[in-house]
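# Residue-level structural notes
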Amino acid sequence: MRRTTLTLPAAPLGPENPLPALRPLDEVHQIDDRTRAGLPDQMARQVAYEPLRSILPTRLRDAYTRERVTTELDAIVIENDRLRATVLPGLGGRVASLFHKPTGRELLYRNPVFQPADFALNGAWFSGGIEWNIGATGHTTLSCAPVHAARVPAPDGSGGEMLRLWEWERLRDLPFQVDLWLPDGSDFLYVGVRVRNPHPHPAAVYWWSNIAVPEDARTRVIAPAEAAYHFGYERTLRRVPVPTWQGVDHSYPLRGDFAADFFYDLPAGARRWIAALDGTGHGLVHTSTDLLRGRKLFRWGAGAGGRRWQEWLTEPGTGGYAEIQAGLARTQLEHVRLGAEEEFSWLEAYGPLSADAATVHGDHWAAARGAVAEALAAALPRDRVDTAYRTWLVSADAEPKEVLAEGSGWGALELERAGYELPGTPFAPASLGAPQQPWRELLRTGALPTPQPARPPGTSLVSRPWRELLETADADVLVDPHLKYHLGVAQWHEGDRSQAVRSWERAIEISDWWPVLRCLAVADQTDGHVNRAADRWLAAFRGALGEWRAATAAEGVAAAQEGVPGPDAAPAPEGVSGLGAALGPDAQVVDARAADAQAAAEWRSALAGLARETVGALLAVERAAEAHEVLTALPDQVRARGRFVLLEARVLLATGDAAAARALFDRGFEVADLREGEETLSETWYAIAEGLVAAEPGASGLDPAALRARARTDHPLPERYEFRMRPS
């Protein structure tokens, strides 16, 4: 095991969005009550069990761009004489590569770039490798976040080492660990996983290990099933035969036109496995102990939208990929109940597999399944996996020998609050930092300190224990709205929305502080008061804009007086922030510059998020002129983003200037934070097209259906804007 770096083109993540995510991003994996009523009883119960109300207390990651620069990413390599695995502790513990030495094959889809896209529950996600999805339906909020990593003695008694990854998952407040090791001479990477519930109440658990594998026309995905639950982006879930349904063999990912999930219905007692094999019968197999019951194929499909998304997530010339996955439930729409002070644990194995190509790709599905099952039994017998699991479980509490990477301080804060005993996964006090400091003060003194002036608000904590601390906290309610602001966020998250509004209204009596106005705007819109919501959003944006301008002016004056670069200066070099006091005046200048740059980036993120919401709210009540004013008030660096070019096109369309809106599309732009399943680009394009056709001579006699058809014929959607994942 060794530390190293992985050098590749990477787009910077940017700061977190400081606006509390009171509503979840649109998660595509949802079904209606009628569909759920037709599911098997256990599946229906688990689909309905503890759905996510918001992504709080985590924050959105939406400030990334598509401007990639050569970057060195911290990596940890574990290897034996057969396999080499490369892990990225700074990016959720992603296994970026699994290389089989004897054959010279890369077993995973290895993305040659790091390009965030809006797929995770909190936004930023990237494709490739093996990811550990925990929390709730969707890609984990830890996709682009650091996790703790350390060396631990290997469980087989060989004297070797195991890599332990661990973190505190904040959506469900659950600690988890992922232990990876390579026994001597093994062709399989072993992964032991444990999710613990230290609380005196049950918790909802979600887990899916997501494996990206190379894809071409001959790639076939095989699992021991004759049926699957198909989920399409029309948001339907239905049981279908495997492999052929509606005349198409869907075990070949490129034979379908549109993106889809196939959740295989594995028979009770059957060995859990899934494999992706190429035209020669070679590829990767995943197997596990029985607790990890679910298996899934995700395919992008061969249609234009799927191809465009694949291009979007990497660089031109890169091959495509599919995903094979393994989870705790049959489908990813479900959450599983974990009892109070209990844990889930299992073992996974990843490795190469070869089977007879003619049988694998033959017409007989049972024979293809049998060939893969036989090859797996020869390469890694089922009882060997079970034995490895029992051996590992004895070592799951082993204390780390050497810390290799640090994650967040949120686990340490929870241990300080509740005193949990979590052997094997130390959340050390040294990991506590500035984001946790106000909450430590609340724990110690019973008062939430007033935050640093002229900065967007800090993170809100929302679990029941923190809400109770906020409800009993000391505060000068006559002059400080911050306590009521954070209390309202916690109440909103817990579903006590009327009480949240009362807390925010009490805060607004103290001050028209823009974060509170924005929270009230969200509440108004949720309750259907769209005009009042637009008023409050506009007031919040103007308040934030004024505060930002005042802060920028003040920092510029202070910087000039002290000889420190102002808030728009370049950020400090990596690793120098915080060293000023120790290294003297020159270092203090660098430290001040880094702090100013961070503040400027936070403000840009806050203004961008607020403007996006405000423009949408104003357009919803036909106030396009004010929406235009919001866009023109943004910093140039923000307004130039593709998301705001798209909003400008929508504003122009709302004012009746379809030609000017079309000119923006013709000029070209990219919406870096385009959401998975989002169809705003195509919807706006066709709305503009209809406006152009309606303005043509003789078009007044067209009925709406004819107008729509002609717009689509005369103005086909350019490929660069084609991201639709379902039939149009």
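Data block above holds the structure.
What comes next is a walk through the structure. (Residues numbered from 1 in each chain as written. Predicted model: local features only at pLDDT ≥ 70, side-chain atom pairs only at ≥ 80, totals over all residues. Heavy atoms only, no water.)

### Some thoughts on the overall build of the chain
Assigned secondary structure in the chain consists of 21 helices and 27 strands. The globule rule puts the C-alpha radius of gyration for 728 residues at 27 Å, and the 26 Å found for the chain is close to it. Along the longest, intermediate and shortest principal axes, the C-alpha atoms of the chain span 75 × 70 × 50 Å. For the chain, the proportion of its 728 residues judged to be buried stands at 57%. A fraction of 72% describes how many contacts in the chain between residues 6 or more apart in sequence connect residues 24 or more apart. Put simply, the chain shows about 28800 Å² of open surface, and 50% of that area lies on carbon and sulfur atoms. Across the chain, the mean location of the 76 positive side-chain charges is 3 Å away from that of the 97 negative side-chain charges. (Helix = DSSP H or I, 4+ residues; strand = E, 2+ residues; numbered from the N terminus. Rg over C-alpha atoms; globule rule 2.2 N^0.38 Å. Buried < 20%, exposed > 50% of the residue type's maximum accessible area, 1.4 Å probe, protein only. Contact = heavy atoms within 4.5 Å. Areas by Shrake-Rupley, 256 points an atom, 1.4 Å probe, with all protein chains shown as cover. Lys, Arg positive; Asp, Glu negative; His and termini not counted. Charge placed at Lys NZ, Arg CZ, Asp CG, Glu CD.)

### Description of the sheet that holds strand 21 (residues 273-277)
Here nine strands make up an open sheet; going across it, the order is 15-21-22-26-12-11-10-9-27 and the pairing antiparallel. Either end of the sheet is taken by a strand with one partner, and the two such strands are strand 15 (220-222) and strand 27 (402-405). The mean inter-strand angle of the sheet, taken between neighbouring strand axes irrespective of direction, is 20 degrees. The sheet contact formed by strand 12 (residues 189-196) and strand 26 (residues 343-354) spans eight bridges and is antiparallel. Within strand 26, the residue paired with Arg194 across the bridge is Ser345. (Pairing = 2+ DSSP bridges. Axes fitted to C-alpha atoms, helices over the stretch in contact; angles between N-to-C directions.)

### So, the pairing of strand 20 (residues 260-264)
When you tally the buried positions in strand 20, you get five out of five residues, the bulk of the element. Residues of strand 20 alternate between two faces, with Ala260, Phe262 and Tyr264 on one and Asp261 and Phe263 on the opposite face, all of them buried. Here strand 16 (residues 227-232) pairs with strand 20 via five bridges, running antiparallel. Paired with His230 across the strands is Phe262, a residue of strand 20.

### Regarding the layout of surface pockets
For the second largest pocket, the calculated volume is near 1100 Å³. In this structure, the second largest pocket is lined by 42 residues; those nearest its centre are Pro24, Leu25, Asp26, Arg612 and Glu678. Of all elements in the fold, only helix 12 (514-526), helix 15 (585-620), helix 18 (642-654) and helix 20 (680-694) reach the threshold of two or more residues within the lining of the second largest pocket. By residue number, the principal contributor to the lining of the second largest pocket is helix 15, which donates six residues. Classifying every residue of the lining of the second largest pocket gives 17 nonpolar, seven polar and 18 charged. (1 Å grid on protein atoms, 1.4 Å probe; cavity = no way out; pocket = protein on both sides within 12 Å on 5 of 7 lines; lining within 4 Å. Points joined across faces, edges and corners; volume = space filled by probe spheres on them. Nonpolar A, V, L, I, M, F, W, Y, C, P; charged D, E, K, R; others polar.)

### Regarding the packing of helix 18 against helix 19 (residues 658-667)
Following both chains from N to C, one finds helix 18 and helix 19 inclined at 165 degrees, their axes separated by 7 Å at the closest point. Taken as axis vectors, helix 18 and helix 19 run roughly antiparallel relative to one another. For helix 18 against helix 19, the interelement crossing comes out left-handed. Residues Val645, Leu646, Glu648, Ala649, Leu652 and Leu653 of helix 18 lie in contact with helix 19, whose contacting residues are Ala658, Ala660, Ala661, Leu664 and Phe665. Residues that form the contact of helix 18 with helix 19 fall into these classes: 10 nonpolar, no polar and one charged. (Parallel < 35°, antiparallel > 145°, perpendicular 65-115°, else oblique. Left-handed = near helix turned anticlockwise from the far one by under 90°.)

### Some thoughts on empty space enclosed by the protein
A probe as big as a water molecule, rolled over the atoms, marks out the empty space that is left. Per the counting criterion, the structure on display carries seven cavities of 30 Å³ or more. Forming the walls of the largest cavity are 19 residues, and the residues nearest its centre are His29, His139, Lys296, Gln332 and Glu676. Elements supplying a minimum of two residues to the lining of the largest cavity: strand 23 (294-299) and strand 24 (320-327). Residues that form the lining of the largest cavity fall into these classes: seven nonpolar, seven polar and five charged. Here the second largest cavity is characterised by a volume of approximately 70 Å³. Around the second largest cavity, the lining residues are Leu91, Gly92, Gly93, Arg94, Glu131, Trp132, Thr140, Leu142, Ser143, Val147 and Phe176. Grouping the constituent residues of the lining of the second largest cavity by class yields five nonpolar, four polar and two charged.

### A closer look at the nonpolar core
Core analysis: the biggest nonpolar cluster contains 86 residues, and Trp132, Leu180, Trp207 and Tyr264 have the highest contact counts within it. Formed by 73 residues, the second largest nonpolar core is a distinct cluster that contains Ala534, Trp537, Ala540 and Ala624. (Core = buried A, V, L, I, M, F, W, Y, C linked by side-chain atoms within 4.5 Å.)

### Here's the deal with the environment of Leu702
When you line up the elements, Leu702 lands in the loop between helix 20 and helix 21 (704-714). When near neighbours in sequence (up to four residues on either side) are disregarded, Leu702 contacts Val693, Leu707 and Arg710.

### With respect to the environment of Phe176
Locating Phe176 in the fold gives a position in strand 11 (residues 174-181). A sequence separation of 366 residues divides Phe176 from Arg542, and the C-alpha atoms of the two residues are 42 Å apart. Excluding anything up to four places from it in sequence, Phe176 contacts Ile134, Leu142, Leu165, Trp166, Glu167, Glu169, Arg194, Val195 and Trp207.

### Comments concerning the pattern of salt bridges
This structure, assessed with the given rule, holds 48 salt bridges. Overlapping salt bridges bring together Arg3, Arg151, Glu161, Lys401 and Glu402 as one network. (Salt bridge = Lys/Arg side-chain N within 4 Å of Asp/Glu carboxyl O.)

### Notes on helix 3 (residues 304-312)
Burial in helix 3 covers these residues: Gly305, Gly306, Arg308, Trp309, Gln310 and Trp312. If you follow the buried residues of helix 3, they end up packed against strand 6 (117-120), strand 14 (207-215) and strand 24.

### Description of the pairing of strand 6
As judged from the three bridges shared by strand 6 and strand 7 (residues 123-125), these two strands associate in the antiparallel manner. Residue Asp118 lies in a different strand from strand 7, and its bridge partner there is Ala124. Between strand 6 and strand 7, which follow one another and run antiparallel, lie two residues.

### A closer look at unusual backbone geometry
In the segment running from Leu56 into Pro57, the intervening peptide bond is cis, with an omega of 10 degrees. On the secondary structure map, Pro57 appears in the loop between helix 2 (41-48) and strand 2 (69-79). With an omega of 5 degrees, the peptide bond between Val242 and Pro243 qualifies as cis. Of note in the backbone geometry, Asp173 takes a positive phi value of approximately 55 degrees without being a glycine. If you trace the backbone, Asp173 turns up in the loop between strand 10 (161-169) and strand 11. What makes Asp173 buried here is its relative accessible area of 16%. Here the phi dihedral of Glu622 falls at roughly 60 degrees; this positive angle occurs in a residue that is not glycine. As for its placement among the helices and strands, Glu622 is situated in the loop between helix 15 and helix 16 (624-633). Judged by relative accessible area, Glu622 falls into the exposed class, the value being 75%.

### Re the side chain of Thr331
Mapped onto the elements, Thr331 comes out in the loop between strand 24 and strand 25 (336-338). A residue is classified by how much of its surface remains accessible, and Thr331, at 0% relative accessible area, is buried. Among the polar contacts listed, one links the side chain of Thr331 to the backbone nitrogen of Leu333, at a separation of 3.3 Å. Contacts of Thr331, omitting those with residues within four sequence positions, involve Met43, Trp208, Tyr229 and Phe263. (Polar contact = N/O pair within 3.5 Å; in protein donor to acceptor, adjacent residues only side chain to side chain.)

### Focus on the packing of helix 10 (residues 482-493) against helix 12
Where helix 10 contacts helix 12, the two axes come as close as 10 Å, and the packing angle between them is 25 degrees. Relative to helix 12, the element helix 10 is oriented roughly parallel. You can see that helix 10 and helix 12 cross each other, and the crossing is left-handed. Of the residues in helix 12, those touching helix 10 at Tyr485, Val489 and Trp492 are Pro515, Val516, Cys519, Val522, Ala523 and Thr526. Here the residues of the contact of helix 10 with helix 12 sort into eight nonpolar, one polar and no charged.

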